[in-house]
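# Structural characterization, general
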Amino acid sequence: MKVPFFDLASQHALLREPLHKAFNEVAESARFIGGDPVKHFESQFASRLQRPVVGVANGTDALFIALKTLGIGPGDEVITPAWSWISSSETISLTGAKPVFVDVNQYFTLDLVDIARKVTPRTRAIVAVHLYGHLAEMEQLVALCKDHDLFLIEDCAQAHLSSEQGITAGCWGDMAAFSFYPTKNLGALGDAGMVVASTPERAQRARRWANHGGLSKDDHAIEGINSRLDTLQAAFLSVKLPHLDHWNAMRRQHAIQYQKGLNGVGDLTLPLERSGVHHTYHLFVIRTKQRDALQHFLADKEIETLVHYPKALPFEPAYETYGHVPAQFPVSFQLQHEVLSLPIYPELSDAQIDYVVEQIQRFFAQR
Ligand SMILES: *Cc1c(COP(=O)(O)O)cnc(C)c1O
């Protein structure tokens, strides 16, 4: 049995008609920048979050614009997790500020104890990443940011409609960023992203940043960039958004099936859910000391797995000048050698999950 890591083709086969219709409508309108499809998707997404939003070109731009909207720049330090995708730190550097890496906890999110060690008088903000679909400790982070007068920015690229105590990811901080990269829980058929703001004023400032400083064509109150949500992508996203709750529910169901089958197998550590968190399993990441051997074994059985991520950010060549050492980020350092992402997406069948579970059980039985 083949188990690919992603299977967007089957998702799109089910949505073939509405996606084609969306394409035809935009093509026939011959309006490819802005317009009703963008407004429509923004209003649909805003109503799910109950916060003002601004469609942008991708999730990385959304983070950059969120930071610029809050005035982050040269001389500032911004706290960000050592264990994440590089967008959550490179955008800090792009503003001219300094990314200050903090280690993560057993939930793969910011370690509050390490944050306390790294706050300085120059610290202006914290970028909290809700990695793999699980929220960072938002209640404590909100309190900590209030105490130290810091901005809180949420990276929700892997956490569409995840929540904690019923509060949706993106609604806890001062600003938030979403990505609709094709393989995210809500994905476009290309690049797309969204900025979420805590106030209409911040949303308006973000909109200026995304559109050459203007709210209309010849308005340049400030300098900005060109980062617009593509009209065609907005039309596709409006087709997909109504399915997101169901897709997330399917991911959660698959996670339960994996948990049942893999509990107590070998030396595996399975994903944890902190109490009160509604995890949406963008990724199902297991840990084992025999990661590489297990990955090869599964590849032989036509089960595709990936590593998110092979290297913690502080140890990437991009950050070499900071001279980070493993002892500063012990958890992230260890994760590099232990994490393995199993296939998880709504269209995965029970039989496929059973097959993955069986093969992992077989791998450890042989040892
Ligand atoms: C995907 C991702 C991003 C960036 O999104 P793009 O749309 O690819 O620019 C940012 N942060 C995290 C954690 C991501 O997984």
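Counting restarts for each chain: residues are numbered from 1 in the order of the written sequence. Under the rules for a predicted model, residues below a pLDDT of 70 receive no local features and side-chain atom pairs below 80 are neither given nor counted, while totals for whole chains, interfaces and linings still include all residues. Working from all heavy atoms in the structure, the side-chain values ignore hydrogens and water.

For each residue, the test is whether any non-hydrogen atom lies within 4 Å of the molecule or strand; if one does, the residue is near. Taken together, the residues surrounding the ligand are Asn58, Gly59, Thr60, Trp85, Ser87, Val129, Asp155, Ala157, Gln158, Ser179, Tyr181 and Lys184. Under this definition, polar contacts are N or O atom pairs within 3.5 Å; protein pairs additionally need one hydrogen-donor-capable and one acceptor-capable atom, and for neighbouring residues in sequence, both atoms have to be side-chain atoms. At a separation of 2.7 Å, an oxygen atom of the ligand approaches a polar backbone atom of Gly59. Between the ligand and the protein, one listed contact pairs an oxygen atom with a side-chain N or O atom of Ser179 at 2.6 Å. Here the ligand has 390 Å² of accessible area as a free molecule, and 91% of this is covered by the chains. The residue classification treats Ala, Val, Leu, Ile, Met, Phe, Trp, Tyr, Cys and Pro as nonpolar and Asp, Glu, Lys and Arg as charged. All others, Gly included, are polar. Considered class by class, the residues forming the shell around the ligand number 4 nonpolar, 6 polar and 2 charged. We get accessible surface area from the Shrake-Rupley algorithm with a probe of 1.4 Å; when it comes to residues, only the shown protein chains can shield them.

A pairing counts as a salt bridge when a side-chain nitrogen of Lys or Arg comes within 4 Å of a carboxyl oxygen of Asp or Glu. Counted by the stated rule, this structure contains 15 salt bridges. Between Glu42 and Arg207 there is a salt bridge, with its nearest N and O atoms 3.1 Å apart. On the criterion of sequence distance, the pair formed by Glu42 in helix 3 (residues 36-49) and Arg207 in helix 8 (residues 200-210) is long-range, its members being 165 residues apart. For Glu42, a relative accessible area of 9% translates into the label buried. Each residue's exposure class comes from its accessible area (1.4 Å probe, protein chains only) as a fraction of the maximum for that residue type: buried when under 20%, exposed when over 50%, partly exposed otherwise. Looking at Arg207, the relative accessible area reads 31%, which means it is partly exposed. Among the salt bridges present, the one from Arg252 reaches Glu273, with a minimum N-O distance of 3.9 Å. On the criterion of sequence distance, the pair formed by Arg252 in helix 10 (residues 244-262) and Glu273 in the loop between helix 10 and strand 10 (277-278) is long-range, its members being 21 residues apart. Residue Arg252 is classed as partly exposed on the basis of its relative accessible area of 23%. Note on conventions: DSSP H or I runs of at least 4 residues are helices, E runs of at least 2 residues are strands, and numbering of each starts at the N terminus.

Here we take up the state of the cysteines. Two cysteines, two sulfur atoms, one covalent bond between them: this is a disulfide. Disulfide: a pair of cysteine sulfur atoms within 2.5 Å of each other. The final tally for this structure, using the stated rule, is 0 disulfides. Between Cys145, a cysteine without a disulfide, and Cys156, which holds the nearest cysteine sulfur, the sulfur-to-sulfur distance is 14 Å. Given a relative accessible area of 4%, Cys145 falls into the buried group.

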